[in-house]
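Residue strings, one per chain:
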Amino acid sequence: MRALVDRVTAIREVPVFIALVLVVVVTGIANPQFLSASGAQDIFLGVAVVATLAVGQSVIIVMRHVDLSVGSTAGFAAYLIGNESARNHGLIYCLLVALALGLAVGAVNGLLVAYLKLPSLVVTLGSMYVVRGIFNQIAAGNTINDSQAPKFLGFVGRNSIAHIPDLFIFAAILAFIVSLIMHSARSARDLYAMGSNPPASALVGIPVARRTFFAFLASGAVSGIAGAVLLSRFHSADANSGLGLELNVIAACVVGGVAIAGGVGTPYGALIGALLLQSITLALGALGVSQFWQQAVNGTLLISAISLDRYLSSRIKPTTIMRVSS
Amino acid sequence: MRPVVLTIEGAFKRFGGVHALRGAELTLVAGEIHGLLGENGAGKSTLLKTLAGVHRLDSGSITLNGKPFEQGSTRSAREQGIAVIYQEPSLFPDLTLAENVFVGRQPIKNGRVDWSAMAEEARALFVQLGVPLNPYTRARGLSIADQQIVEIAKALSIKATVIVMDEPTAALSSKEVERLFVVARTLEAQGCAVVFVSHRLDEVFELCTQITVMRDGATVASAATLDVTEADIIQWMVGREISDLFPKFETSIGDVVLSVKDLAREGQFADISFDVHAGEIVALAGLVGSGRSEVVRAIFGVDKYDAGSVRINGTELANGSPSASMAVGVALVPEDRRQQGLFMSASIAKNSAVTMLKKIKHGLTVKSSSEIALAKTWAETLSLKFNDLNDPVERLSGGNQQKVVLAKWLATKPKLLIVDEPTRGIDIGTKAEVHKLLSQQSQQGLAVLMVSSELPEVLGMADRIFVMREGHIVGEFLRKDATPEAIIAVATGAVTV
């Protein structure tokens, strides 16, 4: 029994999940409206885009990199889907365009980071601006509205199954599948090794550059798909769509137990992290706390999460032993 | 006769102007523990790294299990059956021990990593080695001894025929060393050829069946342990003339400048007491890892010490404050000049003047003409070879970089100069110039504390020599009494003084 307890608490996602439950229950007691069907819908629907992106981002952070271009890519992808749909292209075609955009951005990021060994923080900061710039140029002040967006996406954005919005179900399924891959595929295990000890991973024969490239490609693909979620959720898209999302996404990952130093964390943890941040934001509203405090609270939570992480890992120190007598 | 597993013949390897290997040879047979000995710089590391697939020989042949060994890839080296266990293994701290053993080769069932089979196989390997580690634990926080066990388990899992242990005992407690010996004998009994590199002669004699000694990149001798004595080995290791005469000038020894008393830092060194007088060069000798650099870092204040005291001219120095040390005239030229001693992309002039900014500044600015003037004086004194004092330091050769580091500190007119490996990696000619400079400075009354792994340098330069081993001073020699054999014997623990 003791061993079981130890193993469960050793799972990084458990404390995040407990925090999530606490926030929801405590707020629900103070304001029952929060726990109503529509309250729950607010949380799930509000989190769908960030959660989808966080699944992709967690794969990147696990290998001690970061992808800041996801917000721009998702926003641009949302716009392109609407734009192609308005020009009477079918849904599949529209989605493929979004996916192609994501893959293109991911491939460029991947090439620069994996093969030219440039720091991902700078590369993706650059591509974030480049993508946003091209997006602004093409969108040129236009707005995609509900009538231009594909009908199916509009429907999905409004539909729920058992009070759970389709969009969240989609994000959850994505998180489940990617988590399974991260747990069970040899190549995905390599990403954990790479994030845990980069020099050693090359020494044990992991094809570091190839793995890095494909991980960025995957993150790009997820960003493209997240464009569809974005359009579906807001029923509109313009040049500001997805602006600043990347930071919410990274926050969700870190709060959800994906260590920014790499090596640990799961996509489903990132999803739970996104849920926690979203429910705190809504809880503060439900408790009548001023909007302005919400960002401060989320920021504090973020810093607490990494402080706690550092504290816990500093408690297990490598022991240095030295022979004094001979 | 047991089958020969590995033969290295006529191995040559150059790094720039340095001949790391010139005619190294090694023969390993199945089921033996083979000691590989040699001083620092004898070429052991280069040879081992070649086997690990890190380096490629310039010439020479390596035959492994009857086939030519394919060099230059760590992955391929492993696949051919060579595993190298480093002194401090590099595990993946966030992965479980089982995954550390099988990283990149996890057992697969139905296209998915079979976690339970992986854990069971790892557990079986640990049991086979007699060290039942829990395969589910993460590697973070694991002791170095246990990390080595994980690496050895990995070696077994790839069915390595040659297992190289590079100074595995350097960071182990005596109990852990015993455990490692048991493991090594297990491997021997299973028919592996185990290469055991150590500086501790007692260990080599206890464990190894065959001993090969290297010196200056070549194999000097190889013999069965039963046929040789410790004295033979020491003779082979140092049997080199002190060929280059270092210009050592007669000096008059003055008052005590540095006085170190009972200095200790947990896990690194203890009971360190010695004095350095004005005009005297004192050397801290010993093997790499014996705690010499740690002691001088603590004296200068880079690291804090836990107990004891450091006095300069009778005044106690604040613990852990390099700026306090500099204020009373202590200068430290660190071991790794690229990282700790120089601003590589800044100019020669700027680097020489950086310690003198307070003296040459005008208000808030520093005139580059004053920097140049200062640098010029030193460039002449040190016969620095350069094109332009405005060139970045990284364009200078290693030896000339070292001169710039010395210039920068000598410009402060220190009372005590601490140099850590002052001539590592620099050519013979420049070496002699650096030695001359140190000797001149001590003649003018500078107290010099030198850490050096090169015995000829220690013997040629120092007025007094303290030998360290495992964090303790284990011997003191006056210049006239010091011989290479005596120092090696004390440093390796073959003899206690």
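Residues numbered from 1 in each chain as written. Chains lettered and ligands numbered in written order. Predicted model: local features only at pLDDT ≥ 70, side-chain atom pairs only at ≥ 80, totals over all residues.

K.L.:
Explain the overall build of chain B here, please?
P.N.:
Each helix and strand in chain B was counted, giving 18 helices and 24 strands. At 25 Å, chain B has a C-alpha radius of gyration in line with the 23 Å of a compact globule built from 497 residues. Buried positions account for 49% of the 497 residues belonging to chain B. (Helix = DSSP H or I, 4+ residues; strand = E, 2+ residues; numbered from the N terminus. Rg over C-alpha atoms; globule rule 2.2 N^0.38 Å. Buried ≥ 20, exposed ≤ 12 C-beta atoms within 10 Å, placed from the backbone.)

K.L.:
I keep staring at the interface of chain A and chain B and nothing clicks. Help me out?
P.N.:
The figure often quoted for interface size is the accessible area lost as the parts come together. Taken together, the 27 residues of chain A in the interface contact 30 residues of chain B. When contributions to the side of chain A that touches chain B are tallied by element, the ones reaching two or more residues are helix H9 (186-196) and helix H10 (198-203) of chain A. It is H9(A) that provides the largest number of residues to the side of chain A that touches chain B, a total of six residues. A per-class count over the side of chain A that touches chain B returns 13 nonpolar, nine polar and five charged. (Contact = placed C-beta atoms within 7 Å. Nonpolar A, V, L, I, M, F, W, Y, C, P; charged D, E, K, R; others polar.)

K.L.:
I'm lost on the packing of helix H2 (residues 13-30) of chain A against helix H13 (residues 267-286) of chain A in this one. Help?
P.N.:
Each pair of packed helices can be summarised by the angle the axes make with each other and by the distance between the axes. All names here are of chain A. The N-to-C vectors of H2 and H13 enclose an angle of 25°; their axes lie 9 Å apart at closest approach. As far as their axial angle goes, H13 and H2 are roughly parallel. As H2 packs across H13, the resulting crossing turns out to be left-handed. Each of Glu-13, Val-16, Phe-17, Ala-19, Leu-20, Val-23, Val-24 and Thr-27 in H2 lies in contact with H13, whose residues at this interface are Tyr-268, Gly-269, Ile-272, Gly-273, Leu-275, Leu-276, Ser-279, Ile-280, Ala-283 and Ala-286. (Axes fitted to C-alpha atoms, helices over the stretch in contact; angles between N-to-C directions. Parallel < 35°, antiparallel > 145°, perpendicular 65-115°, else oblique. Left-handed = near helix turned anticlockwise from the far one by under 90°.)

K.L.:
Is there a simple way to think about the sheet that holds strand S13 (residues 256-265) of chain B in this case?
P.N.:
Pairing between sheet strands relies on hydrogen bonds along the backbone, with the strands arranged either parallel or antiparallel. All names here are of chain B. Read across the open sheet, the four strands follow the order S14-S13-S16-S17; overall the sheet is antiparallel. Every interior strand has two partners, whereas the edge strands, strand S14 (269-277) and strand S17 (315-316), have only one. Across two bridges, strand S16 (residues 307-312) lies against S17 in antiparallel orientation. What sits directly across from Arg-311, in S17, is Glu-316. Where helix H9 (residues 292-300) meets the sheet, its contacts fall on S13, S14 and S16, and the angle it forms with S13 comes to roughly 115°. (Pairing = 2+ DSSP bridges.)

K.L.:
Help me understand the confidence of the model for chain B, please; the structure alone is not making it clear to me.
P.N.:
Detailed reading of the predicted coordinates is not advisable wherever pLDDT is low. The predicted model of chain B averages 86 in pLDDT, with 94% of residues at 70 or higher. The ipTM, which scores confidence in the relative placement of chains, is 0.86 for this predicted complex, and the corresponding pTM is 0.76. (pLDDT = per-residue confidence, 0-100.)

K.L.:
Just checking my understanding: could you explain the sheet that holds strand S4 (residues 59-64) of chain B for this structure?
P.N.:
Residues and elements named next belong to chain B. Taken together, the four strands give an open sheet; going across it, the order is S2-S1-S4-S5, and neighbouring strands pair in antiparallel fashion. This sheet does not close on itself; its edge strands, each paired only once, are strand S2 (18-29) and strand S5 (67-68). Contacts from helix H1 (residues 44-51) reach strand S1 (4-15) and S2 within the one sheet, and its direction differs from that of S2 by about 60°.

K.L.:
Would you mind showing me how to read the packing of helix H4 (residues 70-86) of chain A against helix H6 (residues 120-139) of chain A here?
P.N.:
Residue and element names in this part refer to chain A. Between H4 and H6, the least distance of the axes is 8 Å, while the angle of their chain directions is 25°. By the angle class used here, H4 and H6 are roughly parallel. Handedness of the H4/H6 crossing: left-handed. Contacts from Gly-71, Ser-72, Thr-73, Gly-75, Phe-76 and Tyr-79 in H4 reach Met-128, Val-131, Arg-132, Phe-135 and Ala-139 in H6. Of the residues belonging to the contact of H4 with H6, the class tally is six nonpolar, four polar and one charged.

K.L.:
Would you mind going over the domain arrangement of chain B with me for this structure?
P.N.:
Residue and element names in this part refer to chain B. For chain B, the assigned domains are domain 1 (4-91 + 142-238) and domain 2 (256-492). When each unit is reduced to the centre of its C-alpha atoms, the spacing between domain 1 and domain 2 is 33 Å. On the side of domain 2, eleven residues touch domain 1, which itself brings nine residues to the contact. Here the side of domain 1 that touches domain 2 gets three residues from one element, more than from any other, and that element is helix H8 (residues 230-238). Split into classes, the residues belonging to the side of domain 1 that touches domain 2 amount to five nonpolar, three polar and one charged. (Domains from an automatic or database assignment.)

K.L.:
Explain unusual backbone geometry to me, please; I cannot follow it from the model alone.
P.N.:
Glycine aside, residues mostly have negative phi, and peptide bonds are mostly found in the trans state. Within the chain, Lys117(A) stands out as a residue other than glycine whose phi angle is a positive 60°. By the element assignment, Lys117(A) lies in the loop between helix H5 (91-115) and H6. We note that Asp262(B) has phi near 50°; this positive angle belongs to a residue other than glycine. Structurally, the position occupied by Asp262(B) is in strand S13.

K.L.:
Just checking my understanding: could you explain the confidence of the model for chain A for this structure?
P.N.:
Looking at chain A, the pLDDT average stands at 90 and 92% of residues meet or exceed 70. Low pLDDT, under 50, characterises residues 316-326 of chain A; the stretch is placed with 25 contacts to residues that sit more than four places away or in other chains.

K.L.:
What should I look at first to understand helix H11 (residues 208-234) of chain A in this one?
P.N.:
Structurally, the α-helix is built with 3.6 residues per turn, so residues lying three or four positions apart point the same way. Residue and element names in this part refer to chain A. With 27 residues, H11 should cover 39 Å at 1.5 Å per step; its first-to-last C-alpha distance of 38 Å lies within 8% of that length. The element H11 is extensively covered by neighbouring structure, given that 21 of its 27 residues are classed as buried. His-235 sits one or two positions beyond H11 and adopts a positive phi of about 55°. (Expected span 1.5 Å × (residues − 1).)

K.L.:
Can you help me understand the environment of Glu206(B) in this one?
P.N.:
Take Glu206(B): it is sitting in helix H7 (residues 201-207). Sequence separation between Glu206(B) and Phe181(B) is 25 residues, and the spatial gap between their C-alpha atoms is 9.1 Å.

K.L.:
Even after reading the chapter, I still don't get the pairing of strand S3 (residues 32-37) of chain B, so can you show me in this structure?
P.N.:
Within a regular strand, the side chains alternate between the two sheet faces. Residue and element names in this part refer to chain B. Most of S3 is tucked away, with five of its six residues classed as buried. Inspection of the sheet shows S3 paired to strand S10 (residues 193-197) by five bridges, in the parallel sense. Bridge assignment links Glu-32 to a residue of S10, and that residue is Ala-193. As paired elements, S3 and strand S11 (residues 210-215) share four bridges and run parallel to each other. Bridge pairing in S11 links His-34 to Gln-210.

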